[in-house]
Amino acid sequence: MLHKIFKNYGLAIIALTLLINLILFPFTRQSMLSMKRMQQIQPLVAKLREQCKDNPQRLNKETMELYKKHKVNPFGGCLPMLLQMPVFIALYVAISKFVRLIGADFLWIQDLSSPDVVMLPVSLPFLGNQIHALPLIMIAGMVLQQRLSSMSMAGQDPAMAQQQKMMAIMMPIVFGFIFYTMPSALVLYWLTNTIFMTSYQFYLKKATAT
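This text gives an overview of the structure that appears in the document. (Residues numbered from 1 in each chain as written. Predicted model: local features only at pLDDT ≥ 70, side-chain atom pairs only at ≥ 80, totals over all residues. Heavy atoms only, no water.)

1. Examining the side chain of asparagine 21
- In this structure, asparagine 21 sits in helix H2 (residues 9–23).
- Beyond its immediate stretch of four places on either side in the chain, asparagine 21 contacts Gln84, Asn193, Phe196 and Met197. (Helix = DSSP H or I, 4+ residues; strand = E, 2+ residues; numbered from the N terminus. Contact = heavy atoms within 4.5 Å.)

2. Notes on the packing of helix H4 (residues 42–51) against helix H5 (residues 56–69)
- It is at 10 Å that the axes of H4 and H5 come closest, and there the two elements cross at 160°. Regarding the angle of H4 to H5, the classification is roughly antiparallel. Crossing angle aside, the handedness with which H4 passes H5 is right-handed. Touching Leu44, Val45, Leu48 and Arg49 of H4 are Leu59, Glu62, Thr63, Leu66 and Tyr67, all from H5.
- In terms of residue class, the contact of H4 with H5 is built from six nonpolar, one polar and two charged. (Axes fitted to C-alpha atoms, helices over the stretch in contact; angles between N-to-C directions. Parallel < 35°, antiparallel > 145°, perpendicular 65-115°, else oblique. Left-handed = near helix turned anticlockwise from the far one by under 90°. Nonpolar A, V, L, I, M, F, W, Y, C, P; charged D, E, K, R; others polar.)

3. Some details on the side chain of threonine 198
- By the secondary structure assignment, threonine 198 is in helix H9 (residues 184–209).
- Look at threonine 198 and you get buried, because its relative accessible area is 9%.
- When near neighbours in sequence (up to four residues on either side) are disregarded, threonine 198 contacts Gly141, Leu144, Gln145 and Leu148. (Buried < 20%, exposed > 50% of the residue type's maximum accessible area, 1.4 Å probe, protein only.)

4. Section: the pairing of strand S2 (residues 128–131)
- As paired strands, strand S1 (residues 118–124) and S2 are joined by three bridges and run antiparallel to one another. Note that in S2 the partner of valine 118 across the bridge is isoleucine 131.
- If you look at the hairpin formed by S1 and S2, you'll find three residues sitting between the two strands, and phenylalanine 126 has a positive phi there, around 70°. (Pairing = 2+ DSSP bridges.)

This is the structure we're talking about:
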């Protein structure tokens, strides 16, 4: 249906991604607001950790009550990605069997059913004289998204801060490795989704800072 409107499968995939994000937007917004509240109560969590350092059970109970009081879901940040996974799996199955994508072009991509190819003037170790540029752009977008969503505040647990730094590095690398040889159509879907999420996180960060 979207291809009939835009006459290009690349544009149709981008439009589909935006449509899915708009449908899931209430969940995404609630998740990101929960993450912002998590940032704001970090000094209170640090104070509880100091007060209950010899009583782990009381610390867990008090922390959960604090989360409940401030309407914080510690796992809320994973919700948008979890909601996207069924859509991604369905797209993976559909695209792998959709013959009309073979030879369908978009920008520099010559075939949306295969990884994009960009020729290099020199040969690189492990890569040769060509790279798949779209997954690399996706990695850069995910790095920016991770930086915007990282929680760096006074009173934060150093172990948690270090874990977040590791996640900000490892997650884009893992996703880049997974997506590097996938069809361009799937990478385009995830890249568009990443840009949408990053843009909203940037807006939310500016809005809460003013």
